[in-house]
Amino acid sequence: MSQTLTIIKPDAVGNGTAGRIIAQLESAGFTLRAARLMTMTPAQARSFYDVHRERPFYESLVAFMTSGPCIPMALEAPDAVRRLRQVIGATDPAEADPGTVRALYAESKERNAIHGSDSDENARREIGFFFPECDRVG
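Thresholds, definitions, all that
Residues numbered from 1 in each chain as written. Predicted model: local features only at pLDDT ≥ 70, side-chain atom pairs only at ≥ 80, totals over all residues. Heavy atoms only, no water. Pairing = 2+ DSSP bridges. Helix = DSSP H or I, 4+ residues; strand = E, 2+ residues; numbered from the N terminus. Axes fitted to C-alpha atoms, helices over the stretch in contact; angles between N-to-C directions. Polar contact = N/O pair within 3.5 Å; in protein donor to acceptor, adjacent residues only side chain to side chain. Contact = heavy atoms within 4.5 Å. Core = buried A, V, L, I, M, F, W, Y, C linked by side-chain atoms within 4.5 Å. Buried < 20%, exposed > 50% of the residue type's maximum accessible area, 1.4 Å probe, protein only. Phe/Tyr/Trp six-rings, centres within 6.5 Å; stacked < 30°, edge-to-face > 60°. Lys NZ or Arg CZ within 6 Å of the ring centre and 35° of its normal.

Chemist: Help me understand the sheet that holds strand 4 (residues 114–116), please; the structure alone is not making it clear to me.
Modeler: In a beta sheet, neighbouring strands pair by backbone hydrogen bonds and run either parallel or antiparallel. Spatial strand order, 2-3-1-4: four strands in an open sheet with antiparallel pairing. Of all the strands in the sheet, just strand 2 (31–35) and strand 4 have a single pairing partner and so form its edges. Between one strand axis and the next, the sheet turns by 30° as a mean value, whatever way the strands run. Sheet analysis places strand 1 (residues 2–8) next to strand 4, joined by three bridges and oriented antiparallel. Residue I7 lies in a different strand from strand 4, and its bridge partner there is H115.

Chemist: When you look at the side chain of T17 in this model, what are you seeing that I'm missing?
Modeler: Considering the arrangement of structural elements, one finds T17 in the loop between helix 1 (10–14) and helix 2 (18–27). Among the polar contacts listed, one links the side chain of T17 to the side chain of N15, at a separation of 2.8 Å. The residues touching T17, leaving out its near neighbours within four places in the chain, are A12 and Y105.

Chemist: What should I look at first to understand the nonpolar core in this one?
Modeler: Note that soluble globular proteins tend to have their nonpolar side chains buried in a common cluster. The biggest cluster of nonpolar side chains holds 19 residues, and the ones touching the most others in it are I8, I21, L25, F30 and V101. If you list the elements that add at least two residues to this core, you get helix 2, strand 3 (71–77), helix 5 (80–88) and helix 6 (101–105). If you look at the next biggest cluster of nonpolar residues, it comprises 18 residues, including A34, L61, M65 and C70.

Chemist: Please clarify how the packing of aromatic side chains should be interpreted in this entry.
Modeler: Describing an aromatic ring pair means giving the distance of the ring centres and the angle of the ring planes. Considering all chains together, one arrives at five aromatic pairs under this definition. Plain terms: the ring middles of F48 and Y49 are 4.8 Å apart, the flat faces sit at 85° to each other, and that makes the pair edge-to-face. Across the pair, Y49 and F48 agree in class, each one buried. With 4.9 Å between their ring centres and 75° between their planes, F129 and F130 make a pair best called edge-to-face. Among the residues examined, F129 registers a relative accessible area of 30% and is labelled partly exposed. Members of the aromatic cluster, each reached through a chain of ring pairs, are F48, Y49, F129, F130 and F131. A cation over an aromatic ring shows up here: R83 above the ring of F30, its NZ or CZ 5.4 Å from the ring centre. R125 extends its terminal NZ or CZ atom over the ring of F48, reaching a point 5.9 Å from the ring centre.

None of the figures reported here should be taken as evidence of function without further support.
Spelled out as structure tokens, the structure:
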């Protein structure tokens, strides 16, 4: 078993699809190990997305991720990172496979409903960012 991080983004929380997304993740075989509802501060969003600081979309990403509540979650499953990336679909919902989270719930490439770690190393770092060891189950 391995773990990964996902974040249900402010667009999905705001439009009432967070529960359906969580149900879809559980139906896909993920076990929820930690979760919280929060609104990221600009400092938290800048730190979390620091890897993108030189990209042109960085400031709009920080603004979006601080625009309302989000739900970071630590999930567990065999090969969790790879499997989650399959379940959530391509960043651009127009390119996402039918039935994936982004195909079903994303509004656009920028407002794409959900974040998923892109590697085991980043998953460990991202989980630790939101959940200290004492806040996780399993």
